[in-house]
Amino acid sequence: MNLDALSEEELLELSENLSKLSHDNQRNPIAYYAPNKVGQTPFHLSRARTRILLGGNRSGKTTAGSAEAIAHALGYRPWLPEDHPEYWVTSMSGKKIRIPNVGTICGESYKISVDRVLWPTLNEWLPKDFIKSAIRNQQGVVDTVEFTNGSRMRFMTYNQQPKEFEGFKADYTWYDEPPPHGIYISNERSLIDYGGRSWFTLTPVRQPWIWTELVSQEGEDPTIAVFRMSIWDNARENGGHIEREYIEYYLDRLPEEERISRESGEFLHLQGRIFPEWLPKRPYWVPWETTKIKAHWPRVCAIDPHPRKPIAVLWCAISPDTDIWYAYRELYNPKLRTVKDVADRIEECERGEPGDLESRFRVIDSSAMENERTSDSSVFEQFADYGILCELANKSDKDGRRKLLKDRLRLDPVYQAPSLITVAPPLGSSSTPERSQGDGGCPRLRFEFLNHVWDEWSAASKDSHDPKGEPLKKDDDLLDGLMYLCQYGDRARDFDPRFWNYRKGQEVPSVRREGVERPKRSLSRTGY
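Residues numbered from 1 in each chain as written. Predicted model: local features only at pLDDT ≥ 70, side-chain atom pairs only at ≥ 80, totals over all residues. Heavy atoms only, no water.

On a plain count of helices and strands, the protein comes out with 14 helices and 18 strands. Every one of the 528 residues in the protein was classed for burial, and the buried ones make up 50%. Within the protein, contacts between residues separated by at least 24 positions form 65% of all contacts whose residues are at least 6 apart in sequence. Summed over its atoms, the accessible surface of the protein is roughly 26100 Å², and 50% of this surface lies on carbon and sulfur atoms. (Helix = DSSP H or I, 4+ residues; strand = E, 2+ residues; numbered from the N terminus. Buried < 20%, exposed > 50% of the residue type's maximum accessible area, 1.4 Å probe, protein only. Contact = heavy atoms within 4.5 Å. Areas by Shrake-Rupley, 256 points an atom, 1.4 Å probe, with all protein chains shown as cover.)

With that out of the way, let us pick up the environment of S378. Note on placement: S378 falls in the loop between β13 (361-364) and α10 (379-385). For S378, a relative accessible area of 2% gives the class buried. Sequence separation between S378 and V339 is 39 residues, and the spatial gap between their C-alpha atoms is 9.9 Å. Excluding residues that lie within four positions of it along the chain, S378 makes contacts with A368, M369, E370 and N371.

What follows deals with the packing of helix α3 (residues 61-74) against helix α4 (residues 110-125). Orientation of α3 relative to α4, taken along the N-to-C sense of each, is 60°, at an axis distance of 9 Å. Here α3 lies oblique to α4, going by the angle between them. As α3 runs across α4, the sense of the crossing is right-handed. On α4, the residues that touch T62, T63, S66, A69 and I70 of α3 are V117, L118, T121, L122 and W125. Of the residues contributing to the contact of α3 with α4, the split by class is 6 nonpolar, 4 polar and no charged. (Axes fitted to C-alpha atoms, helices over the stretch in contact; angles between N-to-C directions. Parallel < 35°, antiparallel > 145°, perpendicular 65-115°, else oblique. Left-handed = near helix turned anticlockwise from the far one by under 90°. Nonpolar A, V, L, I, M, F, W, Y, C, P; charged D, E, K, R; others polar.)

To continue, consider the packing of helix α12 (residues 443-451) against helix α13 (residues 477-488). One can describe the packing of α12 onto α13 by two numbers: an axis separation of 8 Å at closest approach and a directional angle of 90°. In terms of their interaxial angle, α12 and α13 are classed as roughly perpendicular. Note on element contacts: α13 touches α12 through D477, L478, L479 and L482, opposite R444, L445, E448 and F449. A breakdown of the residues in the contact of α12 with α13 according to their chemical character gives 5 nonpolar, no polar and 3 charged.

Taking strand neighbours across the sheet as the criterion, the 8 strands line up as β3-β4-β5-β2-β6-β7-β1-β8 in an open arrangement whose pairing is mixed. Two strands close off the open sheet at either side, each with one partner strand: β3 (131-136) and β8 (224-229). Shown here is a sheet whose adjacent strand axes are inclined to one another by a mean of 15°, direction ignored. Pairing of strand β4 (residues 142-147) with strand β5 (residues 152-157), which is carried by 3 bridges, proceeds in the antiparallel orientation. Across the sheet, residue E146 finds its bridge partner in β5, namely R152. Running at roughly 165° to strand β6 (residues 172-176), α3 makes contact with β1 (50-55), β2 (102-107), β4, β5, β6, β7 (197-202) and β8 of the sheet. Running at roughly 155° to β5, α4 makes contact with β2, β3, β4, β5 and β6 of the sheet. (Pairing = 2+ DSSP bridges.)

Moving on, we get to the environment of T291. In this fold, T291 is placed in the loop between β9 (285-286) and β10 (299-304). Residue T291 is classed as buried on the basis of its relative accessible area of 15%. A C-alpha to C-alpha distance of 7.4 Å links T291 and V423, two positions 132 residues apart in sequence. Not counting residues within four places of it along the chain, the set of residues in contact with T291 comprises V286, Y326 and V423. Separated by 2.8 Å, the side chain of T291 and the backbone oxygen of P287 make a polar contact. (Polar contact = N/O pair within 3.5 Å; in protein donor to acceptor, adjacent residues only side chain to side chain.)

This next bit is on the pairing of β1. Most of β1 sits out of view: 6 of its 6 residues are buried. Residues T50, I52 and L54 of β1 are buried on one face, and the alternating residues R51, L53 and G55, pointing to the opposite face, are buried as well. Bridging between β1 and β8 involves 6 bridges; their strand directions are parallel. Along β8, the bridge assignment pairs T50 with I224. When β1 meets β7, the two strands line up parallel, connected through 5 bridges.

Scanning the entire structure with this criterion turns up 18 aromatic pairs. Ring centres of Y184 and F200 lie 5.8 Å apart, and the angle between their planes is 45°; this geometry places the pair in the tilted category. In this pair, Y184 is assigned in helix α5 (residues 181-190) and F200 in strand β7, connecting sequence segments 16 residues apart. Just as Y184 is buried, F200 falls in that class too. Here F361 and Y488 contribute two aromatic rings whose centre-to-centre distance is 5.1 Å and whose plane-to-plane angle is 55°, an arrangement assigned as tilted. With a gap of 127 residues between them, F361 in strand β13 and Y488 in helix α13 connect regions that are remote in the sequence. Y488 carries the same exposure label as F361, and that label is buried. The residue whose ring lies beneath R98 is Y194, and the NZ or CZ to ring-centre distance is 3.7 Å. Looking at R444, its charged tip hangs above the ring of Y332, at a distance of 4.3 Å from the centre. (Phe/Tyr/Trp six-rings, centres within 6.5 Å; stacked < 30°, edge-to-face > 60°. Lys NZ or Arg CZ within 6 Å of the ring centre and 35° of its normal.)

What follows is the structure, encoded as structure tokens:
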């Protein structure tokens, strides 16, 4: 606009209009909210039951979360035109959200998260004549906001116990930064009655369960939507308000292992996953109901005993035509406290298998040579006494075992499928990663693939660590067994127990194989 070309009357009118616009902006700032097109706009327009906005620091996550919370309290999104299909906020039923309504806003702490970030950001965008009262708690921090239309927002923190989030009904929940899993579950219960929605705005440096249970299901679960933003989306050159030099100064001073998370919102724990190739979706993770394991396929088994944790047992079926391995059953049950308990459960599981009644080949971790706490014989010997005959694993070349498993996870360039497939539990199964009962599917193995990581070491402590890195000895019980099976490879697949001398622990010469019968299981304690 060329101001010099305007008359005095036109300039006066323009000045009045600008003054009115400035006054309206101060009185009702949310109406002038202009979300960016990278992450904020698609986040607001999504009708997913659970929305997750991942972003680096200062990328505009909290602003987007605040705008969405205000829209829910109002019942509409005032920055959109009234004829826009997402102008009215809806519940999961598709109907307009009830007014008045109740929302829960969760942050890490009252003094820092609520007092310094959440309430100031909300207050910056709230219509000034919409706030009826802001009630403070004993710490002097706002914990409840009441609005003129009767809606309420309440602030809660991750320092509180999950049970404190129960016993009430809510229409929406906003998590600013990653919540503990127990608090998430409690909040989700509160949304059931009114068909409420929840959303997360976070930089993912903690709580890896969010990736495991929610983000990893992107594209598989239609009720979950994930959006991503970078700190660079808020740079002045991209329409934001932060100078490039300030962003570079901040990022240059971050530890190397934190930079990706704080810059672009990538999960910190994923940077250290040992098997990042594996993802909890096809073709790596397939439904039980669609997996057709043939009766004649060889079955192999791995056992990993532990004195203080449940004994882990994994079964794989091998397609002789394609050499694709299917990890289809597991056992990891804290209630099975003795070797006999586990041996009995193994027999129960294998008795129901089609074809062969038991696994052709079993391998057990060499720690099984240690005596069980309640016995004067080793775990290996006890399993043999109960008829579960195993070969002791060769623990050498652990890097080689890991590489063999990675090779099986590599996608075939033609068929775009790995040669190891993990089968999900049947619908209605009660098995969980903490208690997998052998009723089919591998929820524990899924958990281990997603959470087994390299031992943490930062740039400041490189001198005191092996620069090659070692896996953190955690969340690897079934993975260890799977890697042993990969190490045996063809031998595990082609093993034929009819031609094995259980007393001598060696194969029967081929010239004497005719008519050889498998001895009774109680004859040997030596395994294969």
